[in-house]
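# Residue-level structural notes
What follows is the residue order along each chain.
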Amino acid sequence: MCVTAVESRPAGVLASSRSPSHRPFGARVKAFVALTKPRIIELLLITTVPVMFLAQQGVPDLTLVLLTCIGGYLSAGGANALNMYIDRDIDALMDRTSQRPLVTGMVSPRECLAFGITLAVVSTLLFGLTVNWLSAWLALGALLFYVVVYTMILKRRTSQNIVWGGIAGCMPVLIGWSSVTNSMSWAPVVLFLVMFFWTPPHYWPLSMKVREDYARVGVPMLPVVASNKVVARQIVIYSWAMVAISLLLTPLGYTGWFYTVVALVVGGWWLWEAHALQNRAKAGVTGAKLKEMRLFHWSITYVSLLFLAVAVDPFLR
């Protein structure tokens, strides 16, 4: 994650202002980049571009790919900046977010709000004027869902926050398809559902690791309000649904043998890791021996390999 080069300060201290001399230009640029959460956006683009190859059944127009990626980055970046603006109070109290730009004072709340809104407007216009308006409305809908529904309504009220809030992170597959076809089909819907069921078992292991952070600020992530055993059981349920849905693309006629083999292999490994985590949780294992982050890291590899297979499969049919 791109972070700002500022002095260390304890969690819970929100620096609301800094004099210009303490906010050098280079550090300020890095801070504004950090507001967009670039590492998260990398993952969103990993699910966008391969779907464009699937929609085209080959290599899509590279200019279109570039414009879609830029628009997607700006839209997701705007959503992330607005998320940080709304969550700046709890970010100041959590160890994992204590160096975010608003907490350190490298960016002011007013600057962050203006930055997020500007990215939202620019990204919508870019999509609409250079790609198509269907993609523009889908991107804007994802942004509003993440900011309003997830950040403002769900996050601090329910343990199901990441389940339904994760819908925003599923939208790039729809955007990737619509950018090529200016329409919808069952293929992006299937991949949307794969990402929907992927998001909770991807994020809950991380939430298990930083449970104390979320408990400190009163955010009811599932691992805060439920035991490791309950969380692990939910992870297994969502994992089986995800893998089963991922295999629907081939019988529906959108993919061939290559995608199917990859989906079976990486899905099988995911289920192995999910059940292993559940077994450790059932046995009462805690701390480092729970190894919950193994599934978190594998989840990123899983989605990368699965969507790489989505992109490669059209060339092998």
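What comes next concerns the included structure.

With 19 residues, helix H13 (residues 228–246) should reach 27 Å at 1.5 Å per residue; the first-to-last C-alpha distance of 27 Å fits that figure. Burial in H13 covers these residues: Asn 228, Val 231, Ala 232, Ile 235, Val 236, Tyr 238, Ser 239, Met 242, Val 243, Ile 245 and Ser 246. Buried residues along H13 sit against helix H8 (161–165), helix H10 (186–209), helix H11 (211–217), helix H12 (222–225), helix H14 (257–282) and helix H15 (292–312).

Glancing now at the packing of aromatic side chains. Scanning all chains against the criterion turns up 12 aromatic pairs. Geometrically, the ring pair formed by Phe 196 and Phe 197 is edge-to-face, given 5.2 Å between the ring centres and 90 degrees between the ring planes. Taken together, the ring pairs connect Trp 164, Phe 196, Phe 197, Trp 204 and Tyr 238 into an aromatic cluster. The side chain of Arg 88 reaches across the aromatic face of Tyr 85, ending 4.4 Å from its centre.

A word on the environment of Lys 229. Mapping Lys 229 onto the fold places it in helix H13. Sequence spacing of Lys 229 and Arg 39 is 190 residues, and the spatial spacing of their C-alpha atoms is 30 Å. Ignoring sequence-local partners within four residues, the contact set of Lys 229 consists of Ala 281 and Lys 282.

Attention shifts here to the pattern of salt bridges. Enumeration over the complete set of coordinates arrives at nine salt bridges. For Asp 91, the salt bridge identified is with Arg 100, shortest N-O distance 3.2 Å. Since its relative accessible area comes to 18%, Arg 100 is described here as buried. For the salt bridge of Glu 273 with Arg 294, the shortest nitrogen-to-oxygen distance reads 2.7 Å. Taken as a pair, Glu 273 in helix H14 and Arg 294 in helix H15 lie far apart in primary sequence, 21 residues in all. Exposure remark for Glu 273: the relative accessible area of 4% places this residue in the buried category. A single salt-bridge network, built from bridges that share partners, covers Asp 87, Asp 89, Lys 155 and Arg 156.

About the thresholds
Residues numbered from 1 in each chain as written. Predicted model: local features only at pLDDT ≥ 70, side-chain atom pairs only at ≥ 80, totals over all residues. Heavy atoms only, no water. Helix = DSSP H or I, 4+ residues; strand = E, 2+ residues; numbered from the N terminus. Expected span 1.5 Å × (residues − 1). Buried < 20%, exposed > 50% of the residue type's maximum accessible area, 1.4 Å probe, protein only. Contact = heavy atoms within 4.5 Å. Phe/Tyr/Trp six-rings, centres within 6.5 Å; stacked < 30°, edge-to-face > 60°. Lys NZ or Arg CZ within 6 Å of the ring centre and 35° of its normal. Salt bridge = Lys/Arg side-chain N within 4 Å of Asp/Glu carboxyl O.

On their own, these measurements won't tell you what the molecule is for.
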